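Summary of structural features
Now for the letters of each chain:
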Amino acid sequence: MGCRGVSVATLRHYFPRREDLIFAVMSENLADARPHLAHAAEPHGPFAASIRELLGYIAFGFTQGVGDIYTVGLTEGLREPTVRPGFVNLVLEPSIDAVRRRLDAHVAMKHMREVDTRHAALSLLSPVVLLMLHQRELGGSVDHPGDVDRFLDDHAGGFVRAYGRTVAAPTRQRSAPA
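The structure contained in this document is the topic of the report that follows. (Residues numbered from 1 in each chain as written. Predicted model: local features only at pLDDT ≥ 70, side-chain atom pairs only at ≥ 80, totals over all residues. Heavy atoms only, no water.)

1. Re the packing of aromatic side chains
Applying the stated criterion across every chain, the model contains 4 aromatic pairs. Between the aromatic rings of Phe47 and Phe159, the centroid separation amounts to 6.3 Å while the plane-to-plane angle is 50 degrees, which identifies the pairing as tilted. Of this pair, Phe47 sits in helix 3 (residues 47-79) while Phe159 is found in helix 7 (residues 148-163), placing the two residues 112 residues apart along the sequence. The exposure class of Phe159 is buried, given its relative accessible area of 4%. Ring pairing ties together the aromatic residues Phe47, Phe159 and Tyr163, which thus form one cluster. (Phe/Tyr/Trp six-rings, centres within 6.5 Å; stacked < 30°, edge-to-face > 60°. Helix = DSSP H or I, 4+ residues; strand = E, 2+ residues; numbered from the N terminus. Buried < 20%, exposed > 50% of the residue type's maximum accessible area, 1.4 Å probe, protein only.)

2. Section: the pattern of salt bridges
Overall, the coordinates contain 10 salt bridges when judged by the stated rule. Taking the shortest distance from any N to any O, the salt bridge between Glu93 and Arg118 comes out at 2.9 Å. One end of the pair, Glu93, is in helix 4 (residues 84-108); the other, Arg118, is in helix 5 (residues 117-137), with 25 residues separating them in the sequence. Here Asp97 makes a salt bridge to Arg101, at a shortest N to O gap of 3.6 Å. Of this pair, Asp97 and Arg101 both sit in helix 4, 4 residues apart, which is roughly one turn of the helix. Residue classification places Asp97 among the partly exposed residues on the basis of a relative accessible area of 27%. (Salt bridge = Lys/Arg side-chain N within 4 Å of Asp/Glu carboxyl O.)

3. Digging into unusual backbone geometry
In this model, Lys110 sits at a positive phi of 65 degrees, which is unusual for a non-glycine residue. Take Lys110: its relative accessible area is 48%, and that puts it in the partly exposed class.

4. Observations concerning the nonpolar core
By size, the foremost hydrophobic cluster in this structure holds 39 residues, and its most contacted members are Met26, Ile51, Tyr70, Leu103, Met112, Leu124 and Phe159. Of all the elements in the fold, those that place two or more residues in this core are helix 2 (18-41), helix 3, helix 4, helix 5 and helix 7. In this structure, Ile51 is in contact with Leu103, Leu124, Ala156, Phe159 and Val160, ignoring residues within four places of it in sequence. (Core = buried A, V, L, I, M, F, W, Y, C linked by side-chain atoms within 4.5 Å. Contact = heavy atoms within 4.5 Å.)

5. A closer look at the side chain of His155
Within the secondary structure, His155 is located in helix 7. When residues no more than four places from it in sequence are discounted, the contact partners of His155 are Leu55, Ser123, Leu124, Pro127 and Val128.

The values are spatial; any link to function lies outside them.
Below you can see the structure in the form of structure tokens.
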């Protein structure tokens, strides 16, 4: 939704309230994000590889505009109560739901323990969102740089250890004595 070259009067004609413009931006963002959310919802490879790929995909998304929409949504949502539901419903929940669906698929494939996958999705997604906001949108990389790839590796590894299904090694059957 480009607004360059659009007068304030035209914007106010179509969006009488500031919240209307913010909702329109978030709605368009959701429409643009649907293929990416579909990608995030599908497992890609074995459990550990799939989780790491997902975290990398989320972090990359922050460099491609997701960080901007989170910044607007958080800034406006924390300031204006009427914007909060829009940010939650149009940005946060679709992201959480996509991650949950990937985790549901891993549970169904017996890669992951049976858990509340919504809670697991929140625990997987939240640190990456905070890291990317810290490093990029808040400028933390200037005075407090972090190795994003290493963080993603560590976080994925911890998540897989915590939620992955341990598969017992097959035991060899002893042959009966003759």
